[in-house]
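# Topology and contacts: notes
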Amino acid sequence: MVDRSKFYIGGTWVDPKQRRTIPVVNPATEEPMYDMAVGSAEDVDAAVAAARAAWPAYAATTREERVALLTRIMEIYSKRLREIGSAVSDEMGAPLGFAERVHAGAGLSHFMTTLEALKSYPFEERMGATLIVREPIGAVGMITPWNWPLNQVACKVAPALAAGCTMVLKPSEYTPTSALILTEILHEAGVPPGVFNLVNGVGPEVGAAISAHPGLDMVSFTGSTRAGIDVAIRAAPSVKRVTQELGGKSANIILADADFEKAVGGGARHCFGNSGQSCNAPTRMLVPLSRMDEAAAIAAAVADSLRVGDPRAKETETGPVANRTQWDKIQRLIESGVSEGATLTAGGPGRPQGLNKGFFVRPTVFANVTPDMTIAREEIFGPVLSILAYRDEDDAVRIANDTPYGLAGYVSSGDIDRARAVARRLRAGNVNLNGVMNDRRAPFGGMKQSGNGREWGRFGLEEYLEVKAMGGWGE
């Protein structure tokens with residue numbers, strides 16, 4: 001039974017410095033499920049002290065010792081996949097099967113790819129008479145969001161452990177349980193006391209304390225661009241490393257020679273996946289001007305076919321969005337699309353028919369969207385697709401890059417060389433061609449206001465390492 005009344009500091013479960021709780025609400029019912037303890041700056045101080053005390057010994061562990069530790073973690077994690085999936089489904093609304101298979105599976109996958117990278121990573125190399133070594137950066141603060149709870153936690157915790165770092169984690173207050181289960185897994189696997197610490201709480205208190213703490217050498221943050229800016233400002237006085245995976249407004253360019261039924265339909269399904277709550281969702285679909293009506297009809301058919309409802313029901317394909325604040329924002333943006341003149345071809349404001357409670361959103365498609373409209377500029381973070389027209393390939397690239405974001409891009413074409421050429425022109429950290437999904441060994445992260453740094457695999461491991469050059473080492 002997961003204990004939500006305590007924090008994990010120094011290898012033990014401890015009471016908060018102050019007794020305060022907030023309810024965790026089921027987004028499908030709008031009903032509180034349980035109360036969760038929330039921390040303060042004092043709790044962060046205790047966690048940072050534990051992390052700093054544990055760092056010298058853990059940083060000195062061998063590659064082989066860390067390989068063995070990650071292997072044990074994966075073995076225990078595998079036994080609790082269904083439990084993790086159930087927690088994610090209840091707390092953020094993902095359909096149960098999807099939560100077990102994809103959400104929980106993503107966390108395990110990051111431990112697997114990190115382990116693969118760790119086994120062969122060159123921590124030392126010679127450059128003439130200089131020895132170049134890559135050492136653990138130190139004690140790391142981690143702040144993670146609610147939309148992919150275990151995915152975002154695991155892609156930070158796994159490489160930090162592999163690098164030899166210690167850490168303090170604040171998971172989202174909307175989805176705490178999966179992180180608490182992971183904490184139990186790490187404890188059972190024998191992570192040394194103080195190497196991993198967890199303090200639950202809200203961003204303005206615990207998140208702010210982690211960002212500003214002079215005892216941390218790095219902060220890894222995933223969340224909104226607005227919050228990421230705040231993290232960077234608070235971290236600046238201590239000149240700690242800050243890595244950020246932030247918002248997105250990713251363009252999906254469907255070239256004229258693409259298989260339209262496949263490319264448009266697949267792009268729409270990807271946009272609506274996870275109830276539209278993915279930072280790299282292809283929310284701006286760009287199609288040739290002459291084929292706007294065709295694309296709109298295909299995307300609308302996908303939206304209308306989705307079965308929205310109880311995340312625990314086997315037939316459900318789309319659950320609710322995670323919380324009231326998000327639901328209200330999505331409704332406001334859908335209404336702005338209507339008022340600014342976009343063509344509503346599926347969905348619209350309000351809940352789907354037959355659902356009178358819960359944070360459910362109608363999968364929505366807007367056609368004839370122009371680049372200046374609010375729904376083409378702002379990250380909606382819900383199941384809302386905007387379809388924009390382009391005149392030619394150059395126009396498509398210009399529209400795709402006309403955004404402050406740069407997390408992901410998508411290109412579909414019947415000619416792979418043409419798709420590759422367009423992909424090279426997109427200002428985005430990740431570009432996927434013809435519907436091929438991300439490889440978790442490849443780097444994930446954004447350009448511009450979508451963040452800095454890269455996660456996943458070898459690239460994620462390197463974020464937690466410092467480079468030292470020792471000249472005169474000898475030939």
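See above for the structure.
The rules behind the values
- Residues numbered from 1 in each chain as written.
- Predicted model: local features only at pLDDT ≥ 70, side-chain atom pairs only at ≥ 80, totals over all residues.
- Heavy atoms only, no water.
- Helix = DSSP H or I, 4+ residues; strand = E, 2+ residues; numbered from the N terminus.
- Rg over C-alpha atoms; globule rule 2.2 N^0.38 Å.
- Areas by Shrake-Rupley, 256 points an atom, 1.4 Å probe, with all protein chains shown as cover.
- Buried < 20%, exposed > 50% of the residue type's maximum accessible area, 1.4 Å probe, protein only.
- Contact = heavy atoms within 4.5 Å.
- Pairing = 2+ DSSP bridges.
- Axes fitted to C-alpha atoms, helices over the stretch in contact; angles between N-to-C directions.
- Right-handed = clockwise from strand over helix to strand, strands pointing away.
- Salt bridge = Lys/Arg side-chain N within 4 Å of Asp/Glu carboxyl O.

### Some words on the overall build of the protein chain
Within the protein chain, the secondary structure is distributed over 15 helices and 20 strands. Its C-alpha atoms give the protein chain a radius of gyration of 23 Å, near enough to 23 Å, the size a compact globule of 475 residues would have. C-alpha atoms of the protein chain, sized along the principal axes, occupy 65 × 60 × 40 Å. Carbon and sulfur atoms form 52% of the exposed surface of the protein chain, whose accessible area is close to 18,400 Å².

### A few points about the side chain of Gln152
Checked against the element boundaries, Gln152 lands in helix α5 (residues 149-163). Looking at Gln152, the relative accessible area reads 4%, which means it is buried. Discounting chain neighbours no more than four positions away, the residues touching Gln152 are Thr144, Pro145, Thr222, Glu245 and Glu455.

### Some details on the sheet that holds strand β6 (residues 130-136)
A sheet is described by the order of its strands in space; here three strands give the open sequence β5-β6-β20, paired in antiparallel fashion. Each edge of the sheet is formed by a strand with only one pairing partner; in this case those strands are β5 (124-127) and β20 (465-470). In this sheet, neighbouring strand axes are inclined to one another by 25° on average, regardless of whether the strands run parallel or antiparallel. Two elements, β5 and β6, share four bridges in a ladder whose sense is antiparallel. Along β6, the bridge assignment pairs Met127 with Thr130.

### Digging into the pairing of strand β7 (residues 139-143)
Of all five residues making up β7, five are buried, and the element is well covered by its neighbours. Side chains Ala139, Gly141 and Ile143 project from β7 onto one buried face, and the interleaved Val140 and Met142 project onto a second face that is buried too. Note that β7 and strand β8 (residues 166-170) share five bridges and pair parallel. Across the sheet, residue Ile143 finds its bridge partner in β8, namely Lys170. The handedness of the β7 to β8 crossover, carried by α5, is right-handed. Across four bridges, the pairing between β7 and strand β10 (residues 218-222) is parallel. Residue Ile143 lies in a different strand from β10, and its bridge partner there is Phe221.

### Structural notes on the sheet that holds strand β12 (residues 251-254)
With mixed pairing, the seven strands of this open sheet are ordered in space as β14-β15-β16-β13-β12-β17-β18. Strands with a single pairing partner mark the edges of an open sheet, and in this sheet they are β14 (343-346) and β18 (430-433). Going from strand to strand, the sheet's axes swing by 20° on average, the running direction of each strand aside. Relative to strand β16 (residues 384-390), strand β13 (residues 284-288) runs parallel, the two being bridged by five bridges.

### A look at the pattern of salt bridges
As enumerated under the stated definition, the model contains 30 salt bridges in all. One salt bridge connects Glu125 with Arg134, and the closest N-O pair in it is separated by 2.9 Å. A relative accessible area of 33% means that Glu125 is categorised as partly exposed. We note a salt bridge from Arg441 to Asp439, for which the minimum N-O separation is 2.8 Å. Residue classification places Asp439 among the partly exposed residues on the basis of a relative accessible area of 36%. One continuous salt-bridge network, built from bridges that share partners, spans Glu30, Arg324, Asp328 and Arg351.

### What about unusual backbone geometry?
A positive phi angle, close to 65°, is found at Glu30, a residue other than glycine. Of note, Glu30 is situated in the loop between β3 (21-26) and β4 (31-37). Unlike most non-glycine residues, Phe381 shows phi in positive territory, near 60°. Inspection of the secondary structure puts Phe381 in the loop between α12 (374-377) and β16.

### As for helix α7 (residues 203-212)
Those residues of α7 that sit buried are Val206, Gly207, Ala208, Ala209, Ile210 and Ser211. Those residues of α7 hidden inside the fold are in contact with α1 (41-59), β7, β8, β10 and α8 (225-235).

### A closer look at the environment of Ser172
Examined against the element boundaries, Ser172 turns out to sit in the loop between β8 and α6 (177-189). Contact partners of Ser172, with chain neighbours within four places excluded, come to Thr144, Pro145 and Trp146.

Shape descriptors only; they carry no functional weight alone.
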